[in-house]
Amino acid sequence: MSMQPSFSMAGLPADPAAGPFASAASPQDAGFSADLGERLEAGVRSGLLRNLHAVLVLRAGRLALERYFDGPDESWGRPLGTVAMGPDTLHDLRSVTKSIVGLLYGIALERGLVPPPEAPLLAQFPQYPDLAADPARARLTVAHALTMTLGLEWNEDLPYTSPANSEIAMESAPNRYRYVLERPVAAEPGTRWTYCGGATALLGGLIAKGAGRPLPDFAREALFEPLGIGRFEWASGRDGIASAASGLRLTPRDLARIGELILNGGRLRSGELDGRAIVPKAWLDASFTPAVPTGDGLRYGRQWFLGREPVPAMPGPPQMWASGFGNGGQRLWLMPSAGLAVVILCGAYNAPDHWVTPTRVWREIVLPNLQKA
């Protein structure tokens, strides 16, 4: 498989006078159809865009669209009733959390706090010598956790309301890391992608161990505070350990700030702490390099889904995108060639068609209505 980055993270030049992001005078000023917002709202009224809570569209650092829709919500499975959605409303990210943890691993690696991707995985968990002695597991590396190619038996196809779902079983286990690492071997490491929250749990554990503090505390100092993110929540399992797989709650604007940071190559824009680097660009390039097919037409990097989508305003081959996907319809979509960061938050938790609304917003509202490349 190609080891070249799938796309450049440079994107379009941002407005140097903008703050974390500044509202465009109109969607048209950002290169979209003037009625972009009306088209989104028509989709909601028609019933085609169900359970939608928030949509933010940023282009080159400018906020081209921001819409909120009240509706029933949850906090990691706990019903909250009908919530008035707004820019400062905390919202479950569910598995978009995985992509944030991927960024945190890159930051920790640059600081020398965690092992490199090629390091043997079980050597990082010396408390399990019996597992390390198993030749079938000895070939596991950190890279296999990053790309979800551990080759261990894991099943998240079951509803997340079921205790038989592997992630739910892990969150209830007396020792989450052993639970993951002792799963039966199902394939040679690195040969098959299996969606696995346990892989991300291992990464979160390595970050916390290397940093000498809980994962949320490291995230606050290393990523959130430099971006001006002051409010967040991070749910924990029965063992009190923060869920690296799905537990993070952020506001829509703060998730958009993370997207904008990535589009800027991991650096704050000029004027923000002197434009210093937060996430190493080399880590972003590696994260967005396809490592393995997912079996449904997409590919996977280091905790990010990767794909291509045609953009009418950009003739030629389909444009590359990266995205964090979360249960219920949560998305952080990035298309650097178009300078796009799109946040979509929904409340269709555990619904079989939870992917439909965010995909329609991306494919039928945002990309077709981009008029200027």
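These remarks concern the structure in this document.

1. Things to note about empty space enclosed by the protein
Taken as a whole and judged by the stated rule, the model has 3 cavities of 30 Å³ or more. Contributing to the lining of the second largest cavity are Met 148, Thr 149, Leu 150, Gly 151, Leu 152, Trp 154, Thr 194 and Cys 196. Classifying every residue of the lining of the second largest cavity gives 5 nonpolar, 3 polar and no charged.

2. Section: the pattern of salt bridges
Counted under the stated rule, the structure contains 22 salt bridges. Arg 39 is paired through a salt bridge with Asp 35; the nearest N and O atoms lie 3.0 Å apart. Of the residues examined, Asp 35 reaches a relative accessible area of 30% and is grouped as partly exposed. Its salt-bridge partner being Asp 254, residue Arg 257 comes within 2.7 Å of it at the nearest N-O pair. Placement of the pair is Arg 257 and Asp 254 together in helix H10 (residues 252-263), with a separation of 3 residues, close to one helical turn.

3. Notes on the packing of helix H2 (residues 96-110) against H10
At a minimum axis separation of 12 Å, H2 and H10 run at an interaxial angle of 45 degrees. When the axis of H2 is compared with that of H10, the two are oblique. Between H2 and H10 lies a crossing of left-handed hand. Residues Val 96, Ile 100 and Leu 103 of H2 lie in contact with H10, whose contacting residues are Leu 255, Ile 258 and Ile 262.

4. What about the environment of Ala 119?
Inspection of the secondary structure assignment puts Ala 119 in the loop between H2 and helix H3 (129-132). The buried category is assigned to Ala 119, whose relative accessible area is 10%. Separated by 102 residues in the primary sequence, Ala 119 and Glu 221 place their C-alpha atoms 26 Å from one another. In contact with Ala 119, not counting residues within four places along its chain, are Gln 124, Leu 140, Thr 141 and Val 142.

Reading the values: rules and limits
- Residues numbered from 1 in each chain as written.
- Predicted model: local features only at pLDDT ≥ 70, side-chain atom pairs only at ≥ 80, totals over all residues.
- Heavy atoms only, no water.
- 1 Å grid on protein atoms, 1.4 Å probe; cavity = no way out; pocket = protein on both sides within 12 Å on 5 of 7 lines; lining within 4 Å.
- Points joined across faces, edges and corners; volume = space filled by probe spheres on them.
- Nonpolar A, V, L, I, M, F, W, Y, C, P; charged D, E, K, R; others polar.
- Salt bridge = Lys/Arg side-chain N within 4 Å of Asp/Glu carboxyl O.
- Buried < 20%, exposed > 50% of the residue type's maximum accessible area, 1.4 Å probe, protein only.
- Helix = DSSP H or I, 4+ residues; strand = E, 2+ residues; numbered from the N terminus.
- Axes fitted to C-alpha atoms, helices over the stretch in contact; angles between N-to-C directions.
- Parallel < 35°, antiparallel > 145°, perpendicular 65-115°, else oblique.
- Left-handed = near helix turned anticlockwise from the far one by under 90°.
- Contact = heavy atoms within 4.5 Å.

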